[in-house]
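Topology and contacts: notes
Spelled out from the first residue to the last, the chains are:
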Amino acid sequence: MKMSDKITSKDLRKVRYRWLLFGEASWNYEKMQGLGYCYSMIPVLKKLYTNKEDMKIALKTHNQFFNCHQEFTEIILGADIAMEEKNGIESMEAVSAVKTGLMGPLAGIGDTLFGVIANTIIFSIGSYMALQGNPLGIWINLIWAAFRIVLRGWFLKTGYREGTKIVTSMGATLNRITEAASVLGLTVVGALIPSVIRANIPLVFEAGEVTMELQSVIDQMMPALIPVLLVVLVYWLLGRKGMSSSKAILIVIAISLVLGGFGILG
Amino acid sequence: MQIALWQVLALSLYAFLAINDIIHMDLGLNRPLFAGFFAGLVMGDIGLGLAIGATLQLMVLGVATFGGSSMPDFMSAALIGTALSVIANEGMEFGIGLAVPVGMLLIQLDVFARFINTFIQHRADAYTEKCELKKIERIHLLGLFTWGLSRALPVAICLIFGNEITQTLTNIMPAWLMSGLKVAGGLLPAVGIAILLKYLPTKKYIPYMLFGFLLAAYLKIPMLGIAIAGVAFAILVFGRSGKQAAVVGSLANEGGMDEDE
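The model shown is predicted, which means the values in this text are computed figures rather than measured ones.

Right, let's get into the overall build of chain B. If you tally the helices and strands in chain B, you get twelve helices and zero strands. Here the C-alpha atoms of chain B give a radius of gyration of 24 Å, more than 25% beyond the 18 Å that 2.2 N^0.38 yields for 261 residues.

Written out as structure tokens, the structure reads:
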């Protein structure tokens, strides 16, 4: 039973801009995005709850612990607005359940899919081009960002229109997209290894008339042998207990200082 | 070279905006790559900024914040590293050597900002009890400044004392350290690549990685060409998983019908 169409597309837009521009302003250790979610919902709450008691209950419901993926939160916002529009303050328990039930799975999907695309494709290609002295690569991200902003609008509208069932119908497709993006990512990462890691051995052996550059000998065995070994080493290190990315960075710097200081690499 | 006041202001303002960008629209301002480029632009050496930014970016590929954990701040570090290298008239190795420890120290300020926002949350909780909508909105937005200042202040301080810092560093830095840092600049991207491989389904799809390596190392195909090959593989994998899903789906349907009968 739909009471009335109280929520206009203008209200949806207000929620969307609040979440897009200011949603995480007050991110904190206690309720994480909780206050930000509440802040984003306020335009809708004002429309739905004219009675102060109801408003208080609604504010309290939304100002609770919440943490999800930026873009995918729009689906939850959309579904939430539809539920509250339909059942008003009666829907609060169901709204809480939907928020807490969906934020975990959606955060997982979002972080994986968007993390893979951003890091393995956009920023690795951009950085590769920058290392060649080409600043054009840094703008690839703007196209990706524009796409994500459009996608957010679609998420919110679809969540509002179709409720939570969108998540189940989308889940399988999103997994397939993640797998496909991972394959593209791995192809690019495989190509990054010989392209962006620089390790040159300046040592030259002389035996009478014959000089032998160690680097060219190694190159004949396999190009980019040292970069490959280094990636394998760090990959192995990262699998060890108590290892963090920061520690791995410090270890690589220590290795560099030793090898560079003694002139083995340069 | 001496750093000018407008340069300090421009870079600090950038840091303020960049951190608020990544937690919202993520146009890319908070990525070391973009920060290095911007610092290079402001300081008059885009090539140097790009090299420092790209090296730091490759180093942290795959380092992502999940569920609000803090990570080293290599955005501010790229700004500081690039600006101080230009001031000191040194190369990229100087900037990287400076940026890495600075970025790791600045992780503390990220923790601090998230902690300060807890007070904002408590105030908002109190306003919720009294239904004060305007005050809830205002206190929430105050958080933009906690975030912004946690990046802008350290950048401003490092740049204001930039001349002193670089003079001291160039005086005490021995030659072996500089050559070691130069090597580090070349090797550090390996860390980012390894982290990425850790969280990608590498074991499942290793043939694609080997193929990418082959195209680059042996056939010397430029990166965009390799990306096209990657897109081709991705389309194939996407299509194949669709067929599998369809088969599984129809099997499940049949099973369901059996149960109905």
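Moving on from the model shown.
All right, on to the interface of chain B and chain A then. The interface of chain B with chain A comprises 92 residues on the first partner and 89 residues on the second. No other element matches helix H12 (residues 223–260) of chain B, which puts 13 residues into the side of chain B that touches chain A. Each residue belonging to the side of chain B that touches chain A can be placed in one class, and the counts come to 63 nonpolar, 22 polar and seven charged.

For the rest of this paragraph, the subject is helix H11 (residues 206–217) of chain B. What sets the pattern is the α-helix's 3.6 residues per turn: residues three or four places apart point alike. Between its first and last C-alpha atoms H11 of chain B spans 16 Å; for twelve residues at 1.5 Å apiece the expected length is 16 Å, and the two agree. Those residues of H11 of chain B not exposed but buried are Tyr208, Met209, Gly212, Phe213, Leu215, Ala216 and Ala217 of chain B.

Attention shifts here to the nonpolar core. Generally speaking, a soluble globular protein has its nonpolar side chains buried in company with each other. Ranked by internal contacts, the top residues of the largest apolar core, which has 149 residues, are Leu79, Ile80, Ala83, Ala99 and Ala190 of chain B. For Leu79 of chain B, the contacting residues outside a window of four places in its chain are Leu11, Tyr14, Ala15, Ala35, Ala39 and Val155 of chain B.

A separate point is the domain arrangement of chain A. Assigned domains within chain A: domain 1 (9–193) and domain 2 (199–261). Of note, the centres of domain 1 of chain A and domain 2 of chain A, computed from C-alpha atoms alone, are 42 Å apart.

What follows concerns the environment of Gly266 of chain A. By the secondary structure assignment, Gly266 of chain A is in the segment after helix H10 (245–261). According to the C-beta neighbour criterion, Gly266 of chain A is partly exposed, with 17 such atoms within 10 Å. Between the alpha carbons of Gly266 of chain A and Leu203 of chain A there is a distance of 9.1 Å; along the sequence they are 63 residues apart. Ignoring anything within four residues of it in the chain, the contact list for Gly266 of chain A reads Asn200, Pro202 and Gly260 of chain A together with Ser179 and Val183 of chain B.

Although it is not a glycine, Ala224 of chain A sits at a positive phi angle of roughly 60 degrees. Among the structural elements, Ala224 of chain A can be located in the loop between helix H8 (214–221) and helix H9 (225–238). In this structure Ala224 of chain A comes out as buried when scored by C-beta crowding, with 21 C-beta atoms within 10 Å. The phi dihedral of Asn89 of chain B is positive, around 60 degrees, even though this residue is not glycine. Within the element layout of this structure, Asn89 of chain B appears in the loop between helix H4 (74–88) and helix H5 (92–105). When the 11 C-beta atoms within 10 Å are taken as the criterion, Asn89 of chain B is described as exposed.

What counts, and where the lines are drawn
- Residues numbered from 1 in each chain as written.
- Chains lettered and ligands numbered in written order.
- Predicted model: local features only at pLDDT ≥ 70, side-chain atom pairs only at ≥ 80, totals over all residues.
- Helix = DSSP H or I, 4+ residues; strand = E, 2+ residues; numbered from the N terminus.
- Rg over C-alpha atoms; globule rule 2.2 N^0.38 Å.
- Contact = placed C-beta atoms within 7 Å.
- Nonpolar A, V, L, I, M, F, W, Y, C, P; charged D, E, K, R; others polar.
- Expected span 1.5 Å × (residues − 1).
- Buried ≥ 20, exposed ≤ 12 C-beta atoms within 10 Å, placed from the backbone.
- Core = buried A, V, L, I, M, F, W, Y, C linked by C-beta atoms within 7 Å.
- Domains from an automatic or database assignment.

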